[in-house]
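Notes for the structure review
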Amino acid sequence: MAHLLVGSLAHSGRWRGMLAPAMTQPHLVDGLDRICRGLGGLTRSWRFDRMATVCHPDSGRMTASFAGVAKHYGVTVTICPPRAGNRKGVVEKANHTAAGRWWRTLPDDVTVEQAQTRLDEFCRVRSDTRPRRTADGRTTVAALAAAEALSPPPTVPYPAILTESRVVSRQALVSYRGNRYSVPPELASAQVTVTRVLGSEVIDIVTTSQITIARHRLAPDGAGVMVRDHGHVLALEQVAMAAAGTGGRPHRRKERIPPGPEAIAAARKLRTSDETTTSSSGDSEPTPVPAASTVIDLSTYERAARGRNTLA
């Protein structure tokens, strides 16, 4: 499951989106950072719904935790009044476009990372090329957005801590954003938590008792790579070789199973019925039936085709 976070520029109408696995504040900050960099910069003010991750829904006052985010990016935060969707109509229109022209065209078997790549391509190829009329003539959304006065984003994102729960596979691997990372083999099928600080290049894998058992360098999203620690590989090989040398029952598909009593009885019954049929018909010599000839004489086709002028 993924949630689509959408941000747009009010003047040009350019918009970008990000698929988030959860609606927590760290995931919102990650989405804001990616969307702002995709739009080309920062505006002076950010307008939000009455989201619990940004403000208190009842009063509309910004939370203390999100105030640090706004200070890091150097923007002011404006909260829409309740039941006032026209205050952010450009975002609502972007949501309709994403639902009608992009979401409905996605195949059922794509991953979140593949869907994010398709969304970025749709925004760049389809959305940014929409025509616009101005006082100087016809232009496009991309041209209007390039002329907007946007501030450059910070060099590093706000250091929020992302946490996502995962289940370790039987091969001692943890899937995270289209890649797989190794853990010690004794944690196979266990519940772990993947933590990452925004802006850092590493991820930590933590157990339920808050013990960090692995740290890996973060691979690009959706790369499909397998990041393994050398110690984890050796430990997994030792566990596999120890299990193979115990002399236990062989693999089910490699085991030769002899016929059971029911199969032997069925075979004996078939042999008895065959012998009875042979003895009853053995008094008279059966007349041999000549086998059908398998030699094809091509001269027959030659005579049939001689003199024909049409293919019908």
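Up top is the structure.
The text that follows walks through the structure, step by step, so that each part is easy to find. (Residues numbered from 1 in each chain as written. Predicted model: local features only at pLDDT ≥ 70, side-chain atom pairs only at ≥ 80, totals over all residues. Heavy atoms only, no water.)

**Comments concerning the sheet that holds strand S9 (residues 179-182)**
Whenever strands of a sheet pair, they do so through backbone hydrogen bonds, lying parallel or antiparallel. Pairing is mixed across the open sheet formed by 3 strands, whose spatial order is S8-S9-S13. Edge strands, defined here as strands with exactly one partner in the open sheet, are strand S8 (173-176) and strand S13 (226-227). Examined bridge by bridge, S9 and S13 share 2 bridges and lie parallel to one another. Note on S13: the bridge partner recorded for Tyr181 is Val227. (Pairing = 2+ DSSP bridges. Helix = DSSP H or I, 4+ residues; strand = E, 2+ residues; numbered from the N terminus.)

**Digging into the side chain of Glu148**
Tracing the sequence through the fold places Glu148 in the loop between helix H5 (141-146) and strand S7 (161-167). Comment: no salt bridge for buried Glu148; closest opposite-charge side chain is Arg14, at 7.4 Å. Once residues lying within four places of it in the same chain are set aside, the contact partners of Glu148 are Leu9, His11 and Ser12. (Buried < 20%, exposed > 50% of the residue type's maximum accessible area, 1.4 Å probe, protein only. Lys, Arg positive; Asp, Glu negative; His and termini not counted. Salt bridge = Lys/Arg side-chain N within 4 Å of Asp/Glu carboxyl O. Contact = heavy atoms within 4.5 Å.)

**So, unusual backbone geometry**
The phi torsion at Ala172 lies on the positive side, around 60 degrees, for a residue other than glycine. Following the sequence through the fold, Ala172 ends up in the loop between S7 and S8. Even without glycine at this site, Arg177 takes up a positive phi of about 55 degrees. With respect to the helices and strands, the residue Arg177 is situated in the loop between S8 and S9.

**Notes on the nonpolar core**
Counting 39 residues, the largest nonpolar core has Trp46 and Val183 as the members making the most contacts within it. Put simply, the parts of the chain that give this core at least two residues each are strand S2 (15-20), helix H1 (25-39), strand S3 (45-48), helix H2 (64-73), S8, strand S10 (191-197) and strand S11 (202-207). The element contributing the most residues to this core is H1, with 6 residues. In contact with Val183, not counting residues within four places along its chain, are Val168, Ala172, Val174, Ile205, Ile213, Ala214 and His232. Counting 11 residues, the second-largest nonpolar core is a separate cluster that includes Val6, Leu19, Ala115 and Cys123. (Core = buried A, V, L, I, M, F, W, Y, C linked by side-chain atoms within 4.5 Å.)

**A closer look at a nonpolar patch on the surface**
Taken together, the side chains of Ile296, Leu298 and Tyr301 present a nonpolar region at the surface, about 390 Å² in accessible area. By the element assignment, Leu298 lies in helix H8 (residues 298-305). (Patch = residues over 30% accessible without salt bridge, like charges linked within 9 Å, V, L, I, M, F, W, Y side chains within 5 Å. Areas by Shrake-Rupley, 256 points an atom, 1.4 Å probe, with all protein chains shown as cover.)

**Structural notes on H2**
Along H2, the residues that are buried comprise Phe66, Val69, Ala70 and Tyr73. Down the axis, H2 shows its buried residues gathered within 95 degrees of arc, on one side only. Opposite the packed face of H2, turned more than 90 degrees from it, sit the exposed residues Ala64 and Lys71. On its buried face, H2 is in contact with H1, S3 and strand S4 (76-79). Backbone geometry just after H2 places Gly74 at a positive phi near 70 degrees. (Arc of directions from axis to C-beta.)

**Comments concerning the packing of H1 against H2**
Between H1 and H2, the least distance of the axes is 11 Å, while the angle of their chain directions is 15 degrees. Here H2 runs roughly parallel to H1, going by the angle between their axes. H1 and H2 meet at a crossing whose hand is right-handed. Together, Gln25, Leu28, Val29, Leu32 and Asp33 of H1 and Ser65, Phe66, Val69 and Tyr73 of H2 make up the contact between the two elements. Taken together, the residues that form the contact of H1 with H2 break down as 6 nonpolar, 2 polar and 1 charged. (Axes fitted to C-alpha atoms, helices over the stretch in contact; angles between N-to-C directions. Parallel < 35°, antiparallel > 145°, perpendicular 65-115°, else oblique. Left-handed = near helix turned anticlockwise from the far one by under 90°. Nonpolar A, V, L, I, M, F, W, Y, C, P; charged D, E, K, R; others polar.)

**Brief notes about the pattern of salt bridges**
Summed over all chains, the structure comprises 9 salt bridges. Between Asp30 and Arg34 there is a salt bridge; the shortest N-O distance is 3.4 Å. Separated by 4 residues within a single helix, Asp30 and Arg34 lie in helix H1, roughly one turn from each other. Judged by relative accessible area, Arg34 falls into the partly exposed class, the value being 32%. Between Glu164 and Arg166 there is a salt bridge, and its shortest N-O distance comes to 2.7 Å. Overall, the relative accessible area of 7% leaves Glu164 in the buried class.

**Section: the packing of aromatic side chains**
This model, assessed by the stated rule, comprises 5 aromatic pairs. When the ring of Trp46 is compared with that of Tyr73, the centres are 5.6 Å apart and the planes differ by 45 degrees; the resulting orientation is tilted. Highlighted residues: Trp46 in strand S3 and Tyr73 in helix H2, separated in sequence by 27 residues. A relative accessible area of 8% means that Trp46 is categorised as buried. Residue classification places Tyr73 among the buried residues on the basis of a relative accessible area of 5%. Aromatic side chains Phe48 and Phe66 sit 5.5 Å apart centroid to centroid with 85 degrees between the ring planes, which places their arrangement in the edge-to-face category. (Phe/Tyr/Trp six-rings, centres within 6.5 Å; stacked < 30°, edge-to-face > 60°.)

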